[in-house]
Amino acid sequence: MSVKQSELTTYNEAVRIIVRQAGAARRECGKEALPLADLLHRFTAEPILAAFDLPRFDNSAVDGYGVLIEDLAKASESSPARLSLSGSIQAGDSADLAIRSGQTVKILTGAPVPPSVEAVVMREFTRESKDTVEFFTGAGPGENIRRRGEEFQKGDQVLPAGQRIDPPVLGLIASFGHAVFPVTEAPRIAIVSTGDELVQPGTTPLASGQIYDSNSHALRAAVLALGLPEPRIFHAGDCPEETEKAFESALGDSDLVISAGGVSVGDRDFVKATLEDKLGVRTIFWRVAIKPGKPVYFGCHETDGVKKLVFGLPGNPVSVLLTFHLFVKPALLTLQGGAKKARALTARLAKQVRKKPGRLDFVRGEMTSSQEGTLQAIPTHGQDSHMLSGLAAAECLLHCRQEASLLAEGDLIDIEILDWTNY
Ligand code: AMP
Ligand code: MG
């Protein structure tokens, strides 16, 4: 059976639809307050606000000596200025030590800088002996002093809600003293792999025609690589009964179901019909004008106002991971209150690509830089949808335009970074 191009949803439209549906499903998702130790990879449910000025007080950026500018006006390598050492301030001390002209105070990195100190001179430009310090350089006003509130003032928004918590974001939350912070609930995910030919790795010997199930393991890894909780995994042989049973179990207690295989137009592809006819899943789209991954299915299951998202991904090992990246990730991001940053990256195509017009080809590529510093993208070996090695070697996806039939070497082409640990 051939499918008319006009029956295919375009890639952009498919993503728009998914984000809209996931946005509607999200309204039912809750939030929870988690301790710092559990915040990594979650999404902020509220903006992070500055509870106080940051830095909280003027402090030193270096290990050095606090001075008055005028005292060092004539200091140089050959004729150092000599000041008397009046004391020292360490990180954690208070800043009540004042200096007068002719005096200096030792100040360590992060220690408060008293109001009387006009600059801090790095230890490297000084020599301390007994009660005096020699300065081999002058100083400018405010040098090496980190000012109170220079990064944030009390009440400022530090980061908005919907921010993915990576290490620096987590550091900011801790900087403002939060031991717990509200985040959106992580979606509960189930995976269904389908196929009579599949056996689990470790099983030997393989009968003729059997292959090892790689998709459920790769999909689980794709979920975990995003920092999401362990998905539940189900298997179904190629018959309506097993398909129904697996999806029924998968749909219970899940916010999002991802299946692999059985969603094309083969005699033994039962996913779409089972979802529609037996499980009350509403088909939102089926088949997208992309390569690989054309048979991808997206539907919604609603009962008692609870909306669940169902992705039927094609079974070929490259298609399943690419459609996870292209379609499931935006859903997972939206469900957690995040939004994708539009990032337009272009590169020069280092080798021509021939394709059939009508579908947007996501060619797997490596990135290099030309001698002039231009970003270049080159297709990896093994571009067929059953060749995982071509995806394993890929650092980026080359977006080869739907209508194009030939992209020549040297053409400018849109690319996206392929990062399994991020949305
Ligand atoms: P399907 O979409 O079910 O027609 O599967 C397309 C191709 O992907 C076939 O060659 C299947 O054998 C293969 N395939 C399907 N599921 C898996 C899986 N879980 N692991 C590895 N290969 C699979
Ligand atoms: Mg199959």
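Model, not experiment: these values are computed from the prediction.

Chemist: Just checking my understanding: could you explain the side chain of Arg42 for this structure?
Modeler: On the secondary structure map, Arg42 appears in the loop between β1 (31-35) and β2 (48-49). Polar side-chain contacts of Arg42 include one of 3.1 Å to the backbone oxygen of Thr184. Setting aside residues up to four positions removed in sequence, Arg42 forms contacts with Glu32, Leu34, Gln163, Arg164, Ile165, Val183, Thr184, Glu185 and Ala186.

Chemist: Looking at this structure, how should I read the nonpolar core?
Modeler: Proteins that are soluble and globular tend to have nonpolar side chains buried together. The biggest cluster of nonpolar side chains holds 47 residues, and the ones touching the most others in it are Leu256, Leu309, Phe311, Phe324 and Phe327. Among the elements of the structure, α1 (11-26), β13 (189-194), α3 (215-225), β17 (256-260), β20 (297-303), β21 (306-313), α6 (317-335) and β24 (360-369) are those that each provide at least two residues to this core. With 12 residues, α6 is the largest single contributor of residues to this core. Contact partners of Phe324, with chain neighbours within four places excluded, come to Leu219, Ala222, Val223, Leu226, Ile258, Leu313, Lys329, Leu332 and Trp420. In terms of nonpolar packing, the next biggest core, distinct from the first, is built from 17 residues, Ala190, Val192, Val257 and Val281 among them.

Chemist: Help me out: how do you make sense of the site of ligand 1 in this one?
Modeler: Within the structure, ligand 1 sits among Thr194, Glu197, Leu198, Ile211, Tyr212, Asp213, Ser214, Asn215, Gly261, Gly262, Gly315 and Asn316. The separation between an oxygen atom of ligand 1 and a polar side-chain atom of Glu197 is 2.6 Å. Separating a nitrogen atom of ligand 1 from a side-chain N or O atom of Asp213 is a distance of 2.8 Å. Here ligand 1, which alone exposes 490 Å², has 75% of that area covered by the protein. Taken together, the residues of the shell around ligand 1 sort by class into 3 nonpolar, 7 polar and 2 charged.

Chemist: Can you walk me through the pairing of strand β5 (residues 81-89) in this structure?
Modeler: For a regular strand, the rule is simple: side chains alternate between the two faces of the sheet. Of the strand pairs in this sheet, β5 and strand β9 (residues 132-135) are connected by 4 bridges, and their pairing is antiparallel. Within β9, the position partnered with Arg82 by the bridge is Glu134. Pairing of β5 with strand β6 (residues 103-107) involves 4 bridges; the strand directions are parallel. Bridge pairing links Ser88 to Lys106 in β6.

Chemist: Can you help me understand the sheet that holds β17 in this one?
Modeler: Either a parallel or an antiparallel arrangement is found when strands of a sheet pair, and the pairing is made through backbone hydrogen bonds. Strand order in the open sheet formed by 6 strands is β16-β13-β17-β21-β20-β18, and the pairing between neighbours is mixed. On the outer flanks of this sheet lie β16 (232-236) and β18 (282-286), each paired with one strand and no other. Each strand of the sheet is rotated relative to its neighbour by a mean of 20°, with strand direction disregarded. Sheet topology places β13 next to β16; 5 bridges connect them, and they run parallel. Bridged to Thr194 within β16 is Ala236. Packing of α3 onto the sheet brings it into contact with β13, β16, β17 and β21, and relative to β13 it is tilted by some 160°. Most of the contacts of α6 go to β21, to which it runs at about 165°, and overall it touches β13, β17 and β21.

Chemist: Is there a simple way to explain the sheet that holds strand β7 (residues 119-122) in this structure?
Modeler: Strand order in the open sheet made by the 6 strands is β7-β4-β6-β5-β9-β8, with mixed pairing throughout. Across the chains shown, the open sheet's two edge strands, defined by having one partner strand only, are β7 and β8 (126-129). Averaged over all neighbouring strand pairs, the angle between strand axes comes to 35°, with direction disregarded.

Chemist: Help me understand the environment of Gly171, please; the structure alone is not making it clear to me.
Modeler: On the secondary structure map, Gly171 appears in helix α2 (residues 167-175). Residue classification places Gly171 among the partly exposed positions, given a relative accessible area of 30%. The spacing of Gly171 and Leu36 is 135 residues in sequence and 9.3 Å in space, taken between C-alpha atoms.

Chemist: Would you explain the environment of Leu49 in this entry?
Modeler: Looking at the secondary structure, you find Leu49 in strand β2. Judged by relative accessible area, Leu49 falls into the partly exposed class, the value being 46%. Each C-alpha atom, one on Leu49 and one on Lys154, is 7.9 Å from the other, the two residues being 105 residues apart in sequence. Setting aside its immediate chain neighbours within four residues, Leu49 contacts Gly155, Asp156, Gln157, Val158 and Phe176.

Chemist: Could you clarify how one ought to interpret the packing of α1 against α6 in this entry?
Modeler: Each packed pair of helices is defined by two parameters, the angle between the axes and the distance between the axes. Packing of α1 against α6 leaves a shortest axis separation of 8 Å and a crossing angle of 30°. Taken together, the axes of α1 and α6 are roughly parallel relative to one another. The two elements α1 and α6 meet at a crossing, and its hand is right-handed. Judged by residue contacts, Tyr11, Ala14, Val15, Ile18, Val19, Ala22, Gly23, Ala25 and Arg26 of α1 engage Leu326, Phe327, Pro330, Ala331, Thr334 and Leu335 from α6. Among the residues making up the contact of α1 with α6, the classes are represented as 12 nonpolar, 2 polar and 1 charged.

About the criteria used
Residues numbered from 1 in each chain as written. Chains lettered and ligands numbered in written order. Predicted model: local features only at pLDDT ≥ 70, side-chain atom pairs only at ≥ 80, totals over all residues. Heavy atoms only, no water. Helix = DSSP H or I, 4+ residues; strand = E, 2+ residues; numbered from the N terminus. Polar contact = N/O pair within 3.5 Å; in protein donor to acceptor, adjacent residues only side chain to side chain. Contact = heavy atoms within 4.5 Å. Core = buried A, V, L, I, M, F, W, Y, C linked by side-chain atoms within 4.5 Å. Buried < 20%, exposed > 50% of the residue type's maximum accessible area, 1.4 Å probe, protein only. Near = heavy atom within 4 Å. Areas by Shrake-Rupley, 256 points an atom, 1.4 Å probe, with all protein chains shown as cover. Nonpolar A, V, L, I, M, F, W, Y, C, P; charged D, E, K, R; others polar. Pairing = 2+ DSSP bridges. Axes fitted to C-alpha atoms, helices over the stretch in contact; angles between N-to-C directions. Parallel < 35°, antiparallel > 145°, perpendicular 65-115°, else oblique. Left-handed = near helix turned anticlockwise from the far one by under 90°.

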